[in-house]
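Structural overview for review
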Amino acid sequence: MKTIMISNQKGGVGKTTTTLEICSILGKKYKVLGIDMDAQRNFSMYADAELNQVPTVNEVLNAEILLKDAVQHLPKFDILISSKKLVDAPKVFGEPDDIFLLKDVLEDAQDYDFVILDNAPARSPLLYMSYIASDYIIPVAECDDGAIEGLNEIQLDIARFKKRHQTDVKVLGILLTKYEKTSMHQMAYETLEEIGEKLGGAPFKTKIRKSIVVSESKTARQSISEYQPQNTAAKDYTKLCKEIIERIQG
Ligand SMILES: Nc1ncnc2c1ncn2[C@@H]1O[C@H](COP(=O)(O)OP(=O)(O)OP(=O)(O)O)[C@@H](O)[C@H]1O
Ligand SMILES: [Mg+2]
């Protein structure tokens, strides 16, 4: 089982879209669990999971219910939904040892091939739990200074946890989303190549092209790959998943 976290503290860069596509595409061939670590619950909503009166990641982290009794089985993958209560995570999970809670929970997820974590655009104990529980991180960025700055934050975070021997997380690759064929976007990709050297993971060759269909598919509560498989972004995500498997297999 490999755990992959999708992250950037910059909001709106395409983290949740990426989580949903990876879960849906890898889910055709592998046993996949997606976990929504964001109180906004966008991943839970985009994936069309049941949101009312069902167990969430909050109860699982608090050991009130076992992981296997809290996951929902969707057609392509399993999901552990999020809770609005997670806005209080800094208070509820404020003890130093709490950063190990997710790692402990995932000991019960060994039957899966992949666990994919969607993170909120914020620093919180939930983000730290993800660093500690993950084998790999996919930092997501769009062509924007804030998103690039977010990558530097990731580098500092990883260095901090590694120094304390709390994680061995590796950068699987930086993903450029909402890509357009302009010189500005090409320059952004070159910047990612430089940052990738510092982060220890080159950007994925596959860039996710900008497409209006991405938001349409959300309204339809489907992944883009299901909603319109011939769409450019859907094809890009399929190529990305091949690259992910190649990189993991080394
Ligand atoms: N390739 C793309 N082309 C066009 N629009 C996109 C693309 N990827 C994502 N978007 C749009 O960008 C917006 C933000 O996407 P998403 O919710 O995946 O970002 P996020 O990083 O998870 O945001 P947050 O930080 O709030 O969690 C959404 O409206 C989504 O439809
Ligand atoms: Mg999101």
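Before going into details, it helps to say that this report is about the structure given with it.

Here is what the cut-offs are and how they apply
- Residues numbered from 1 in each chain as written.
- Chains lettered and ligands numbered in written order.
- Predicted model: local features only at pLDDT ≥ 70, side-chain atom pairs only at ≥ 80, totals over all residues.
- Heavy atoms only, no water.
- Near = heavy atom within 4 Å.
- Polar contact = N/O pair within 3.5 Å; in protein donor to acceptor, adjacent residues only side chain to side chain.
- Areas by Shrake-Rupley, 256 points an atom, 1.4 Å probe, with all protein chains shown as cover.
- Helix = DSSP H or I, 4+ residues; strand = E, 2+ residues; numbered from the N terminus.
- Nonpolar A, V, L, I, M, F, W, Y, C, P; charged D, E, K, R; others polar.
- Buried < 20%, exposed > 50% of the residue type's maximum accessible area, 1.4 Å probe, protein only.
- Contact = heavy atoms within 4.5 Å.
- Phe/Tyr/Trp six-rings, centres within 6.5 Å; stacked < 30°, edge-to-face > 60°.
- Core = buried A, V, L, I, M, F, W, Y, C linked by side-chain atoms within 4.5 Å.

Taken together, 19 residues surround ligand 1, and among them Gly 12, Lys 15, Thr 16, Thr 17 and Ser 211 come closest. Between Thr 16 and ligand 1, the recorded distance is 2.7 Å, taken from a side-chain N or O atom to an oxygen atom. For ligand 1, an oxygen atom lies 2.5 Å from a polar atom in the side chain of Thr 17. Surface burial for ligand 1 is 84%, taken as the share of its 630 Å² of free accessible area covered by protein chains. Those elements that place two or more of their residues in the shell around ligand 1 are helix H1 (15-26) and helix H10 (213-219). Tallied by class, the residues present in the shell around ligand 1 amount to five nonpolar, eight polar and six charged.

Moving on to the environment of Ala 47. Here Ala 47 is to be found in the loop between helix H2 (42-46) and helix H3 (57-61). Its relative accessible area of 12% is what places Ala 47 among the buried residues. On a C-alpha basis, the gap between Ala 47 and Thr 19 in space is 9.9 Å, while along the polypeptide they are 28 residues apart. Setting aside residues up to four positions removed in sequence, Ala 47 forms contacts with Leu 20, Leu 74, Phe 77 and Ile 79.

Another aspect to go through is the packing of aromatic side chains. Inspection of the entire model under this criterion finds four aromatic pairs. With a centroid separation of 6.1 Å and an interplanar angle of 10 degrees, the aromatic rings of Phe 43 and Phe 77 are classed as stacked. In this pair, Phe 43 is assigned in helix H2 and Phe 77 in the loop between strand S3 (72-73) and strand S4 (78-80), connecting sequence segments 34 residues apart. Residues Phe 43 and Phe 77 agree in their burial class; the two are buried. Measuring from centroid to centroid gives 5.6 Å for Tyr 131 and Phe 161, while their planes differ by 35 degrees, and the two rings are tilted. Of this pair, Tyr 131 sits in helix H7 (residues 125-133) while Phe 161 sits in helix H8 (residues 145-163), placing them 30 residues apart in sequence.

Let us look at the nonpolar core. In terms of nonpolar packing, the biggest core is built from 84 residues, with Ile 4, Ile 35 and Ile 138 touching the most fellow members. In terms of residue count, helix H12 (residues 232-249) provides more of this core than any other element does, eight residues in total.

We note that Gln 53 has phi near 50 degrees; this positive angle belongs to a residue other than glycine. Looking at the secondary structure, you find Gln 53 in the loop between H2 and H3. A residue is classified by how much of its surface remains accessible, and Gln 53, at 85% relative accessible area, is exposed.

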